[in-house]
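# Commentary on secondary and tertiary structure
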Amino acid sequence: MAKAGQFNRLFCLAFLLAAGFIALGWRLVDLQILKHDELRVLAQKNTRRLNIREPLRGQIRDIRGNPLAISVPAKSVCADPTLITPHQLEVARALAPLLQTNETYLAERLQPRIREVDGRMVTNSYVVLKRKVPLDVWNQIHQAMTNLTFGVDEKNLRPSQKTFYRNLRQKSVFAEEDQMRVYPNQALAAHVVGYVGGDDQAGQNGIELALNSKLAGVQGWRRTETDVRRRELVQYRDQDVEPRNGFNVVLTLDSGIQHIVETELAEAAERHTPISISAIVVRPRTGEILAMATLPTYNPNRPGAFPPEALRNRVITDISEPGSTFKIVVVSAALNEGKLRLNDVYDCEKGRFYFAGRTLHDHESYSSLTVEQIIMKSSNIGTAKIAIQKLGEDKLYDYVKNFGFGTRTGVPLPGEVGGILHPVKNWSKVSIAQIPMGHGLASTPLQMVMAMSAIANKGTLMRPMIISRLEDESGNVVAQYQPQVARQVISENAAYQMVKALKSVVSDEGTAAKAKLENYTVAGKTGTAQKVINGTYVRGRYFSSFIGFFPADNPELCISVVMDEPKNGYYGGQTAAPVFKHIAERSARYLNLRPEIAPENAIEDVVAATPEGKGALAR
């Protein structure tokens, strides 16, 4: 009996061992063969990593290489909530001031979350607390976590508890590589440069938006494997593609002239408190824009702190009736047709001219004026008669169109509008008299300054140019942009005559004596246009402007200044012309332009230095 019982026990044990080995074998077959593909994919999900490598966004620079927008290294601050529970409040309290966020919100972000992934319940071990964190702030965060205390005597804790607190301090909050956009000159050229925004830091305005794809670069990636501690196993890295950093954009802007323009606009804004004030500086020969500014402005480092109207580049987005500056189009067109000479005389009706059932007015009671005096005195009636008698509706429309009105200039900045120019079939009977005065159509300040630049450039209209070239990170030129001719709008001879007339505007008898420069001759035109609001002209509210270029016979710079509802005077010659003068004088010194007119005291010194001069001065 004893032997039989012993045999039964051995048999049962053998059976159980055999069954166990069979089950283990089946399990191995199941894992290694039947479920091999499924488990291989799952293992790769746990160990295979595809790391996107972000490129460095390209710089935006001025023509002299000064940076206007740069990208600097930063950190994305992340956390593993599974390593923090139950100390979310303590961690949030320590980090909220450094991350400049709400403590309650941060504690909520640090709560573990359970979610289903591929049929499995997974606790989140990764959450981004804040992106674009400066390196010095990350160092403070790291130090704060290292010094964090939890009111327990950790020396007396079990090893597992000690490990928990060590991981909480050292591993629960970590950083990933990031970058942040910085505008080192604050608001300088903000409306041209623009800014970035969103998680992807894409361009939102200005050049940042217009050339976003060039600036952004191309992502790289790295495909590799990691161990259970997420450390890379370099030997299993099978793809490593370097990112291509963004191209650097070099603008035609000159920071020195841009600074001059912005400081002069700020001073003029204090004197006249307009709704807005804008200025543009252009090289007439090439169409290069050296400065473009408008107030109010904003700081692209924190665009959200400013109202939407401050973000708008009014030079290209806002339209208004140009007023008397537009007279250059009409008179130069008639000169180009060969139907007009500067010494032709027109009866200006002593300030009141009845036409098509309407009365046209001049700001003074002029009787007879030559064409040159019509420009000098800015006579509405004289200009209207030139258009009526020498051009007619169709020719006037064609010239206005050719000068660039009614269509966008094509400047590579977002938001540009084309203005308003109605076809002739939609004109009223009085339009032929109103349009020459700059009424009945609307333009942007950029369109108007380019039209004036065409006259300065011997009748050749250039396309506005604000991008000089693209460079890679090594400084190699990737793309070089060249000046582009739009078209010849008037002949060189007509332009020459127009320049002669425009020089008289800046004489003592003209409307812009305050634009006169000591060392250079200036040609230009004033404008004072009554504002149109909801289709009605509003008394006492004006756009005031002056556009001029110098040296008049060989222009280096063309400058436009426009004010919206200036106070303490509203005529363009009173308000905008002095701003032109200050910008022109400072820009000429900055660019070291050779004077064409010697100062009077210098002439006296030269004369006094000669024997004849000494005697003449003595007499």
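Let me begin by describing the structure that accompanies this report. (Residues numbered from 1 in each chain as written. Predicted model: local features only at pLDDT ≥ 70, side-chain atom pairs only at ≥ 80, totals over all residues. Heavy atoms only, no water.)

Summing up its helical and strand segments, the chain has 20 helices and 26 strands in all. Residues classed as buried in the chain amount to 46% of the 619 residues present. By sequence separation, contacts in the chain at least 24 residues apart represent 70% of the contacts at least 6 residues apart. A total of about 31000 Å² of accessible surface is found on the chain, and carbon and sulfur atoms cover 52% of it. (Helix = DSSP H or I, 4+ residues; strand = E, 2+ residues; numbered from the N terminus. Buried < 20%, exposed > 50% of the residue type's maximum accessible area, 1.4 Å probe, protein only. Contact = heavy atoms within 4.5 Å. Areas by Shrake-Rupley, 256 points an atom, 1.4 Å probe, with all protein chains shown as cover.)

Applying the stated criterion to the full structure yields 12 aromatic pairs. Summarising the aromatic geometry, the rings of Tyr 298 and Phe 306 are spaced 6.5 Å apart at their centres and angled 65° between planes, so their arrangement reads as edge-to-face. Among the residues examined, Phe 306 registers a relative accessible area of 25% and is labelled partly exposed. An aromatic cluster is present here, built from Phe 150, Phe 164 and Tyr 165 joined pairwise through their rings. It is Arg 244 that lies over the ring of Phe 247; its NZ or CZ is 4.3 Å from the centre. The cationic tip of Lys 385 hangs over the ring face of Phe 353; the distance from NZ or CZ to the ring centre is 5.1 Å. (Phe/Tyr/Trp six-rings, centres within 6.5 Å; stacked < 30°, edge-to-face > 60°. Lys NZ or Arg CZ within 6 Å of the ring centre and 35° of its normal.)

Once that is clear, we can look at the side chain of Asn 248. As for its position among the elements, Asn 248 is in strand β13 (residues 248-251). A polar contact is formed between the side chain of Asn 248 and the backbone nitrogen of Gln 59, at a distance of 2.7 Å. With sequence-adjacent residues up to four places away left out, Asn 248 is seen in contact with Gly 58, Gln 59, Arg 61, Arg 469, Leu 470, Glu 471, Asp 472 and Glu 473. (Polar contact = N/O pair within 3.5 Å; in protein donor to acceptor, adjacent residues only side chain to side chain.)

Here we take up helix α3 (residues 88-99). When we look at burial in α3, the residues that qualify are Gln 88, Val 91, Ala 92, Leu 95, Ala 96 and Leu 99. Looking straight down α3, one finds its buried side chains confined to an arc of 125°; they lie on one side. In this structure, the buried residues of α3 make contact with β3 (67-79), α4 (103-109), β6 (127-134), α5 (135-146), α6 (159-170) and β7 (173-182). Trailing α3 by a residue or two, Gln 100 shows a phi angle of about 55°, which is positive. (Arc of directions from axis to C-beta.)

Within this structure, the stated rule accounts for 23 salt bridges. Of the charged contacts, one joins Glu 565 and Lys 531 as a salt bridge, the two residues approaching to 2.9 Å between their closest N and O atoms. With a gap of 34 residues between them, Glu 565 in the loop between β26 (557-564) and α18 (572-591) and Lys 531 in strand β24 (residues 523-533) connect regions that are remote in the sequence. For Glu 565, a relative accessible area of 10% gives the class buried. Taken together, the shared-partner salt bridges in this structure form one network comprising Arg 283, Arg 285, Glu 288 and Glu 556. (Salt bridge = Lys/Arg side-chain N within 4 Å of Asp/Glu carboxyl O.)

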